[in-house]
Amino acid sequence: MIDPQVLEYLIKRCSEEESRLADALGQGLAKDHADYRHQCGMIRGLAMARQMLIDVAERMEQDDE
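Note on numbering: residues in each chain are counted from 1, in written sequence order. In keeping with the predicted nature of the model, local features appear solely for residues at pLDDT of at least 70, side-chain atom pairs appear and are counted solely at 80 or more, and the whole-chain, interface and lining totals rest on all residues. Computation of side-chain values: all heavy atoms of the structure, hydrogens and water removed.

A. Geometry of the pattern of salt bridges. Any carboxyl oxygen of Asp or Glu that lies within 4 Å of a side-chain nitrogen of Lys or Arg is treated as forming a salt bridge with it. Counting across every chain of the model gives 4 salt bridges. The partner of E16 in a salt bridge is R13, with the nearest N and O atoms 3.1 Å apart. A residue pair is termed a helical-turn pair when its members lie 3 or 4 positions apart in one helix, as E16 and R13 do in helix α1 (residues 4-26) at 3 residues. E16 sits in the partly exposed class, given a relative accessible area of 35%. Look at R13 and you get partly exposed, because its relative accessible area is 38%. E17 is the salt-bridge partner of R20, the closest N and O atoms lying 2.5 Å from each other. To qualify as a helix, a DSSP run of H or I must reach at least 4 residues; to qualify as a strand, a run of E must reach at least 2; elements of each kind are numbered from the N terminus. For each residue, the accessible area found with a 1.4 Å probe, counting protein chains only, is set against the maximum for its type, and the residue is called buried under 20%, exposed over 50%, and partly exposed in between.

Below, the structure is given as structure tokens:
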């Protein structure tokens, strides 16, 4: 079984990376439209991964009850 602390760490890291990329976009650091789209895709992928990790953590918690 997956250690809940590992899930918490991964959720935190996904959130941090999402924030970092969003801040960079907000500062206008995208080189061009392709780079902008790539960064948006990265943010979306991280958000999806974070939500999947949250779902797994919640299911693990429910299974323990």
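On we go from here.
B. Quick look at the state of the cysteines. Any pair of cysteine sulfurs within 2.5 Å is marked as a disulfide. As enumerated under the stated definition, the model contains 0 disulfides in all. With no disulfide partner, C14 has as its closest neighbouring cysteine sulfur the one in C40, 17 Å distant. For C40, a relative accessible area of 27% translates into the label partly exposed.

C. Broad picture of a nonpolar patch on the surface. Each patch is built from residues that are more than 30% exposed by relative accessible area and take part in no salt bridge. Like charges join if they lie within 9 Å; nonpolar side chains (Val, Leu, Ile, Met, Phe, Trp, Tyr) join within 5 Å. Accessibility throughout is a Shrake-Rupley quantity obtained with a 1.4 Å probe, and a residue counts as covered only by protein chains that appear here. A cluster of nonpolar side chains, contributed by I2, V6, Y9, L10 and V56, occupies part of the molecular surface with about 410 Å² of accessible area. Among the elements that take part in the nonpolar patch, α1 stands out by supplying 3 residues, more than any other. As for its position among the elements, Y9 is in helix α1.

D. The packing of α1 against helix α2 (residues 33-64), seen in detail. Contact geometry of α1 with α2 gives a least axis separation of 9 Å together with a crossing angle of 160 degrees. By the angle class used here, α1 and α2 are roughly antiparallel. At the point where α1 passes α2, the crossing takes the left-handed sense. Every angle, taken between N-to-C directions, lies between 0 and 180 degrees, and every axis is a line fitted to C-alpha atoms, over only the stretch in contact when it is a helix. By definition in this entry, angles of less than 35 degrees are roughly parallel, angles greater than 145 are roughly antiparallel, angles of 65 to 115 are roughly perpendicular, and the rest are oblique. Crossings are classed by handedness, with left-handed meaning an anticlockwise turn of the near helix from the far one by less than a right angle and right-handed meaning a clockwise turn.

As far as function goes, none of this settles anything; it's purely spatial.
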